[in-house]
Amino acid sequence: MESLLIRGARIVTMNGKLDDFIGDLLVENGRISQMGARLEAQADRVIEARGKVLLPGFIQTHVHLCQTLFRGRADDLELLDWLQQRIWPLEAAHDEESVYYSAMLGIGELISSGTTTLLDMETVHHTDAAFRAMAETGIRAVSGKVMMDHGGDVPAGLRENTDDSLGESVRLLDRWNGHDDGRLQYAFCPRFVVSCTEELLVGVRDLSRRYGVRVHTHASENRGEIEVVERERGMRNIVYLDHLGLAGPDLILAHCIWLDEREKEIIRRRGVKMTHCPGSNLKLASGIAEVPDMLSRRMPVGLGADGAPCNNNLDMFQEMRLAALIQKPAHGPTTMDARTVLRMATMGGAEVLGMEDEIGSLEVGKKADLILLDLYDFHTFPSHEVDIYSRIVYSATRGCVDTVAIGGKIVMENRTMKTLDRDLVLREADRSIARLMKRIEA
Ligand code: GUN
Ligand code: FE
């Protein structure tokens, strides 16, 4: 693999000491092999990065690539109506091609706005197509097909038989887990308790232990959701997951807004991981997660945009900004400062995925997942003695992302995509959703 030398950047490492310095970074065999003020190294490729900022790539720990094609088609609804009236019928109408272009569109947006790793949740069918898109584009991902075998409002096209759901998940795991030297990994994705039988959840628990893979689900996002769980299962949502033996370090819960004290303690004690989705939580009127409290208890929290139809972007800069701003009216201006938020977007995400030794910071030995930001613009100036974390979190935007490498492979350079054809993806995304809408109307 090509070696890569990045010269003269302001390197914001996001390591434990939050070191930053102006210097060089060398990538060999996909990993960071040297860093320093001035390296005497040779490399196959050299990027002159004077004046630019080098950061670890963002890690989004909750995204639905299969929903990117539905952007703008489900605005201004609350969660359960949003799912039943719009998202489930749309997902049920997917075919191989629409899942593929939905993923390509989402990955294009993610890479061009600086995200290099995602935890994804696909739909019930055609998940191979999404994995193909992830394989081709070079993005790092943990993903799986969504599982749903329960609930009267689930359309026939999505409603699964329990054994088929578990069997198809294992088939996909066998096919994709570990692909490209571990760049792609599989996670079991029961959608949420509302759409899963107890038999399915217990099956997921046993399989995740057998294969040693993560479980990714939604939990306690919406008040209507937790009422349904309490009515049907006789327990609060997190208590129920713990009762089934699912609560552990391999469980990743998106949202976690409506938790009581007992549930927070279960999450903390069991080492369960959480993802905060501020954009989605505001747009679906779900609520505001108690992230400052979670962080003060040293619970791992990552950040994610969720799906395009509940955000409507997959842009980590927007999520960082919202994560900071939405807490300040209630908790004061010093809560969720820029360093805390940038840490959540990088090392926090790595911890949620259990990949803190591999990604999330720029340190020798780690995978070379990195982004170069160009902050030479009106909205990011003045630069003179301005805190770099403030510039990145509060002023920078996706347009500042100049170059992106994942595992040392350049996937965007000077804002040009290297692993996907932008015009083709935009054209085919439009064609795919047009055909999908015809299938719904038929
Ligand atoms: N809960 C169950 N399914 C979904 C989904 O697709 N998106 C969100 N935000 N919450 C969910
Ligand atoms: Fe979601």
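Residues numbered from 1 in each chain as written. Chains lettered and ligands numbered in written order. Predicted model: local features only at pLDDT ≥ 70, side-chain atom pairs only at ≥ 80, totals over all residues. Heavy atoms only, no water.

S.K.: Even after reading the chapter, I still don't get the site of ligand 1, so can you show me in this structure?
M.R.: The environment of ligand 1 is made up of His64, Gln67, Leu79, Trp82, Leu83, Arg191, Phe192, His218, Glu221, His255 and Asp306. A distance of 3.0 Å separates an oxygen atom of ligand 1 from a polar side-chain atom of Gln67. In the model, a nitrogen atom of ligand 1 is placed 2.7 Å from a nitrogen or oxygen of the Glu221 side chain. Protein chains shield 100% of the accessible area of ligand 1, which is 280 Å² for the free molecule. (Near = heavy atom within 4 Å. Polar contact = N/O pair within 3.5 Å; in protein donor to acceptor, adjacent residues only side chain to side chain. Areas by Shrake-Rupley, 256 points an atom, 1.4 Å probe, with all protein chains shown as cover.)

S.K.: Can you walk me through the packing of aromatic side chains in this structure?
M.R.: What characterises a pair of aromatic rings is the spacing of the ring centres plus the angle enclosed by the ring planes. All chains considered together, the criterion is met by 7 aromatic pairs. Centroid distance Tyr100 to Tyr101: 4.9 Å. Interplanar angle 85 degrees. Geometry classified as edge-to-face. Exposure remark for Tyr100: the relative accessible area of 12% places this residue in the buried category. Overall, the relative accessible area of 13% leaves Tyr101 in the buried class. (Phe/Tyr/Trp six-rings, centres within 6.5 Å; stacked < 30°, edge-to-face > 60°. Buried < 20%, exposed > 50% of the residue type's maximum accessible area, 1.4 Å probe, protein only.)

S.K.: Would you take a moment to explain the coordination of the iron ion (ligand 2) for this structure?
M.R.: Six octahedral donors at a metal ideally form angles of 90 or 180 degrees, and four tetrahedral donors ideally form angles of 109.5 degrees. Around the iron ion (ligand 2), the protein supplies His62 (NE2), His64 (NE2), His218 (NE2) and Asp306 (OD) as donor atoms, at distances of 2.0 to 2.2 Å. Around the iron ion (ligand 2), the 4 donor atoms sit at angles spanning 90 to 178 degrees, and that spread fits a shape best called irregular. Along the chain, the residues donating to the iron ion (ligand 2) are arranged with the sequence spacing H-x1-H-x153-H-x87-D. Here His218, found in strand E11 (residues 214–219), pairs with Asp306, found in strand E15 (residues 306–307); they are 88 residues apart in sequence, far enough to count as distant. When sorted by exposure, His218 lands in the same class as Asp306, which is buried. (Donors = N, O, S within 2.8 Å, 3.2 Å for Na, K, Ca; no water. Tetrahedral: all angles 85-135°; square planar, octahedral: opposite > 155°, others 65-115°. Helix = DSSP H or I, 4+ residues; strand = E, 2+ residues; numbered from the N terminus.)

S.K.: Just to check I follow, could you spell out the packing of helix H3 (residues 127–137) against helix H4 (residues 162–176) for this structure?
M.R.: In a packed pair of helices, the relevant descriptors are the angle between the two axes and the axis-to-axis distance. Put simply, H3 and H4 touch, their axes get as near as 11 Å, and they point 20 degrees apart. In terms of their interaxial angle, H3 and H4 are classed as roughly parallel. When you trace H3 past H4, the crossing you get is right-handed. Every residue of H4 that contacts H3 at Thr127, Asp128, Phe131, Arg132 and Ala135 is listed here: Arg171, Leu172, Arg175 and Trp176. (Axes fitted to C-alpha atoms, helices over the stretch in contact; angles between N-to-C directions. Parallel < 35°, antiparallel > 145°, perpendicular 65-115°, else oblique. Left-handed = near helix turned anticlockwise from the far one by under 90°. Contact = heavy atoms within 4.5 Å.)

S.K.: How do you make sense of the environment of Ala135 when you look at a structure like this?
M.R.: The topology assignment puts Ala135 in helix H3. Separated by 270 residues in sequence, Ala135 and Ala405 place their C-alpha atoms 15 Å apart. Those residues within four positions of Ala135 in sequence are excluded, and the remaining contacts are Trp176, His179, Arg183 and Leu184.

S.K.: Is there a simple way to think about the packing of helix H12 (residues 316–325) against helix H14 (residues 338–352) in this case?
M.R.: The N-to-C vectors of H12 and H14 enclose an angle of 135 degrees; their axes lie 9 Å apart at closest approach. In terms of orientation, H12 and H14 fall into the oblique class. Crossing handedness for the pair H12 and H14: right-handed. Contacts between H12 and H14 involve Met316, Met320 and Ala324 on the former and, on the latter, Val341, Leu342 and Ala345. Residue composition of the contact of H12 with H14, by class: 6 nonpolar, no polar and no charged. (Nonpolar A, V, L, I, M, F, W, Y, C, P; charged D, E, K, R; others polar.)

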